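# Breakdown of the fold
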Amino acid sequence: MRITVSFLLLIITFVAYSQEYRTLCNDGIKHIADREYKAAATCFRKAAEQSSTEQEKTYAYANLAYSQQMCGELHKALRSYNTAIGDDNSKIALMLQRANILLQLDSLKSALEDYNAILEQEPTNPSALFFRATIYSETDEYSKAKEDYIKLLSIEPGNNNVKLGLAMLYKKERKYNESLTLLTLLIEDNPAIAEYYIARSNVERLMGHTELALMDVEKAIELEPENGNHYTLQSILLDRLGKKEAAKQSRFKAAKYKK
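Heads up: these notes are all about the structure in this document. Please read these numbers as outputs of a predicted model, since none were measured by experiment.

Using the criterion set out here, one finds six aromatic pairs in the structure. With centroids separated by 6.2 Å and ring planes inclined at 90°, the aromatic side chains of Tyr 37 and Tyr 66 adopt a geometry described as edge-to-face. Here Tyr 37 is found in helix α2 (residues 37-50), whereas its partner Tyr 66 is found in helix α3 (residues 54-70), with 29 residues between them in sequence. Relative to Tyr 257, the ring of Tyr 231 has its centre 5.6 Å away and its plane inclined at 20°; by these criteria the two rings are stacked.

When you line up the elements, Asp 148 lands in helix α8 (residues 142-155). Relative accessible area serves as the criterion here: at 2%, Asp 148 is assigned to the buried category. Residues in contact with Asp 148, not counting those within four places in the same chain, are Leu 129, Arg 132, Ala 133 and Tyr 136.

With that settled, consider the nonpolar core. A general tendency of soluble globular proteins is for nonpolar side chains to be buried together. In terms of nonpolar packing, the biggest core is built from 75 residues, with Leu 103, Tyr 115, Ile 118, Ile 135, Tyr 149, Leu 166 and Leu 183 touching the most fellow members. Among residues more than four places away in sequence, those in contact with Tyr 115 are Leu 96, Ala 99, Asn 100, Leu 103, Ala 128, Phe 131, Arg 132 and Ile 135.

Residue placement: His 230 occurs in helix α13 (residues 228-240). A relative accessible area of 6% places His 230 in the buried class. A polar contact of 2.8 Å, which involves the side chain of His 230, links it to the side chain of Glu 224. Those residues in contact with His 230 that sit more than four places away from it in its chain are Ala 194, Ile 198, Val 217, Ala 220, Ile 221 and Glu 224.

Of note in this structure, Asp 140 is not a glycine but carries a positive phi near 65°. Relative to the helices and strands, Asp 140 resides in the loop between α7 (126-138) and α8. Of note, the phi angle at Arg 174 is positive, near 65°, even though the residue is not glycine. Tracing the sequence through the fold places Arg 174 in the loop between α9 (160-172) and α10 (176-189). We classify Arg 174 as exposed; its relative accessible area is 67%.

As a further point, take the pattern of salt bridges. Under the criterion given, the structure shown has 11 salt bridges. Here Glu 222 ties to Lys 219 by a salt bridge, and the two come within 3.2 Å at their closest N and O atoms. Taken together, the residues Glu 222 and Lys 219, both in helix α12 (residues 210-223) and three residues apart, mark about one turn of the helix. Overall, the relative accessible area of 57% leaves Glu 222 in the exposed class. We classify Lys 219 as partly exposed; its relative accessible area is 26%.

Conventions adopted
- Residues numbered from 1 in each chain as written.
- Predicted model: local features only at pLDDT ≥ 70, side-chain atom pairs only at ≥ 80, totals over all residues.
- Heavy atoms only, no water.
- Phe/Tyr/Trp six-rings, centres within 6.5 Å; stacked < 30°, edge-to-face > 60°.
- Helix = DSSP H or I, 4+ residues; strand = E, 2+ residues; numbered from the N terminus.
- Buried < 20%, exposed > 50% of the residue type's maximum accessible area, 1.4 Å probe, protein only.
- Contact = heavy atoms within 4.5 Å.
- Core = buried A, V, L, I, M, F, W, Y, C linked by side-chain atoms within 4.5 Å.
- Polar contact = N/O pair within 3.5 Å; in protein donor to acceptor, adjacent residues only side chain to side chain.
- Salt bridge = Lys/Arg side-chain N within 4 Å of Asp/Glu carboxyl O.

Put into structure tokens, the structure is as follows:
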């Protein structure tokens, strides 16, 4: 599961910290701003060694973890987040980051533990609710997922990601009409987003509405003409309709744009 979560850098006031620690952290932040994450990791690793207080240690390890995460070193990032958090479950921002790593590593049970701990303290935390709902959906706990999605919609009624998540949940439950209703509303409000047409097409295909599914895929192709996956779906639907030559051409385009 690849899920992206934006990172908020910790802000601290450097008071009475060692000159070397301050310099290393300042250099590390500059490297992050320049997207030089390996250099940033080196600075924060050294800063962690120089830390003399719990606050200094947390700051250094949190930024080390983020730098490692951006380098794709997820297991190292997880260890650094563990060090930054320790046994303090009040560090909600860092726990959200750790849960993000756990999701990327497909450690759903551990990620769920973090989201539950966060929601015990902040019952309406939108990020924790959304990703917990996603986990519940992945693990077929549909009633729990729906509860979180509906709660989220009461908090953020205009959140399209939540609406899409709920639509996909209905699809899993084979409540195709409910799924179609939500997806159609999303398309009406956001007619230029290809993802929604593909999602609706998949539901229509499951319902046996092949021609409608094809129309939605063709709209997605119109919006994203260089997306090879759309042509693959188009070829499947054309085959179902007995349009073999057209399906062949779609497969050719799929191969072309997937290179």
